[in-house]
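As a plain string of letters, each chain reads:
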Amino acid sequence: MVEVKVEGVEKVSQTMKKFRSDLKGENFKKMTEASVYLMNYVQRNKLSGQVLKRRTGRLVGGMGYTVKDEYGNIVGRVGDKVVYAAIHETGGTIRPKTAKFLTIPLAAALTPAGVLRKPARQWNNTYVAGGIIWQAKEKGQMSIPLFVLKRSVKIPARPYMGPALEETKEHIFKILGQAVETAVTIANRGHG
């Protein structure tokens, strides 16, 4: 009769458990690092005039990231909380929801930075003629065109997230690859 005795199974099992735990922790750290890197890249290299002009700073300020464990997978997401972010990325058609027309501001209704001074309904002494909302002036003065009325507007795609991910993917893969190296080092330290 042959007898086989395997020693060290418990130690190997403990090492593997520790490695899995360390790897998960490192994956979370590195996914966070990669997400922050991508978010900063977008803010710095896409939303500071390169793809879209900064007017109010809301798009840049709305950028954020999350890192979660989803069914054993560490998932990082970078995006924008601002409701109009998606239309800039993909393009599309905007239609009014509760009114007949969209009010597209003209120069007189905008600040020098291109920000709307106030909504169309808040302007005084206005009238509509020729598909334009005008502000009436004193007798003898010309009326000022404030808004063009449109049933819809087509917004062209001005992608910034997709191109940013493509431009940074090698660096992001490098960051994520460091998680395995670090986890192996940590696991080996505890069990030599």
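Just above sits the structure.
Colleague: Help me understand the pairing of strand β1 (residues 63-70) in this model?
Modeller: For a regular strand, side-chain orientation follows a simple rule: the groups alternate between the two sheet faces. As judged from the eight bridges shared by β1 and strand β2 (residues 73-80), these two strands associate in the antiparallel manner. Considered in β2, the bridge of T66 is made with R77. With antiparallel pairing between neighbouring strands as the criterion, β1 and β2 make up a hairpin whose turn holds two residues, including Y71 at a positive phi of roughly 55°.

Colleague: I would appreciate a short explanation of the sheet that holds strand β6 (residues 132-135) in the present structure.
Modeller: Working definition: the strands of a sheet are paired by backbone hydrogen bonds and lie parallel or antiparallel to each other. With antiparallel pairing, the four strands of this open sheet are ordered in space as β4-β7-β6-β5. Each having just a single partner strand, β4 (102-105) and β5 (126-129) make up the two edges of the open sheet. Averaged over neighbouring strand pairs, the angle between their axes works out to 30° when direction is ignored. Pairing between β6 and strand β7 (residues 144-150): four bridges, direction antiparallel. Along β7, the bridge assignment pairs I132 with V148.

Colleague: Can you help me understand the nonpolar core in this one?
Modeller: The biggest cluster of nonpolar side chains holds 17 residues, and the ones touching the most others in it are V42, L47, L59, M63 and Y160. Taken together, the elements giving at least two residues each to this core come down to α1 (9-45), α2 (58-61) and α4 (161-190). Among the elements that take part in this core, α1 stands out by supplying five residues, more than any other. Ignoring anything within four residues of it in the chain, the contact list for L47 reads V42, L52, R54, L59, V60, M63 and Y160. Judged by nonpolar contacts, the second largest core, of seven residues, contains A109, W123, L146 and L149.

Colleague: Could you clarify how one ought to interpret unusual backbone geometry in this entry?
Modeller: With a phi angle near 55°, Y71 is a residue other than glycine that sits in the positive phi range. With respect to the helices, strands and loops of the structure, Y71 is situated in the loop between β1 and β2. On the basis of relative accessible area, Y71 is assigned to the exposed category, the value being 84%. Positive phi is not limited to glycine here, since N125 has a value of about 55°.

Colleague: For this particular structure, what's the right way to read the packing of aromatic side chains?
Modeller: Both the distance between ring centres and the angle between the ring planes are used here to describe each pair of aromatic rings. According to the stated counting rule, one finds zero aromatic pairs in the structure shown. Taking the ring centre of W123 as reference, the NZ or CZ of K118 above it sits at 4.8 Å.

Colleague: Explanation requested: the pattern of salt bridges in the structure shown.
Modeller: If charged atoms from side chains of opposite charge come close, those side chains can pair. With the rule as written, the count across this model stands at five salt bridges. Ionic pairing is found between E26 and K29, a salt bridge with its closest N-O pair at 3.3 Å. In this pair, E26 and K29 both sit in helix α1, three residues apart, roughly one turn of the helix. Across the pair E33 and K30 runs a salt bridge whose closest N-O atoms are separated by 3.1 Å. Taken together, the residues span about one helical turn, with E33 and K30 both in helix α1 at a distance of three residues. Here E33 falls in the partly exposed class, since its relative accessible area comes to 38%. Judged by relative accessible area, K30 falls into the buried class, the value being 14%.

Colleague: Even after reading the chapter, I still don't get the environment of G64, so can you show me in this structure?
Modeller: As for its position among the elements, G64 is in strand β1. Judged by its relative accessible area of 23%, G64 falls in the partly exposed class. Along the primary structure G64 and G140 are separated by 76 residues, whereas in three dimensions their C-alpha atoms are 53 Å apart. If we ignore the near neighbours within four places in the chain, the residues touching G64 are M39, R77, V78 and G79.

Each value, and the rule that gives it
- Residues numbered from 1 in each chain as written.
- Predicted model: local features only at pLDDT ≥ 70, side-chain atom pairs only at ≥ 80, totals over all residues.
- Heavy atoms only, no water.
- Pairing = 2+ DSSP bridges.
- Helix = DSSP H or I, 4+ residues; strand = E, 2+ residues; numbered from the N terminus.
- Axes fitted to C-alpha atoms, helices over the stretch in contact; angles between N-to-C directions.
- Core = buried A, V, L, I, M, F, W, Y, C linked by side-chain atoms within 4.5 Å.
- Buried < 20%, exposed > 50% of the residue type's maximum accessible area, 1.4 Å probe, protein only.
- Contact = heavy atoms within 4.5 Å.
- Phe/Tyr/Trp six-rings, centres within 6.5 Å; stacked < 30°, edge-to-face > 60°.
- Lys NZ or Arg CZ within 6 Å of the ring centre and 35° of its normal.
- Salt bridge = Lys/Arg side-chain N within 4 Å of Asp/Glu carboxyl O.

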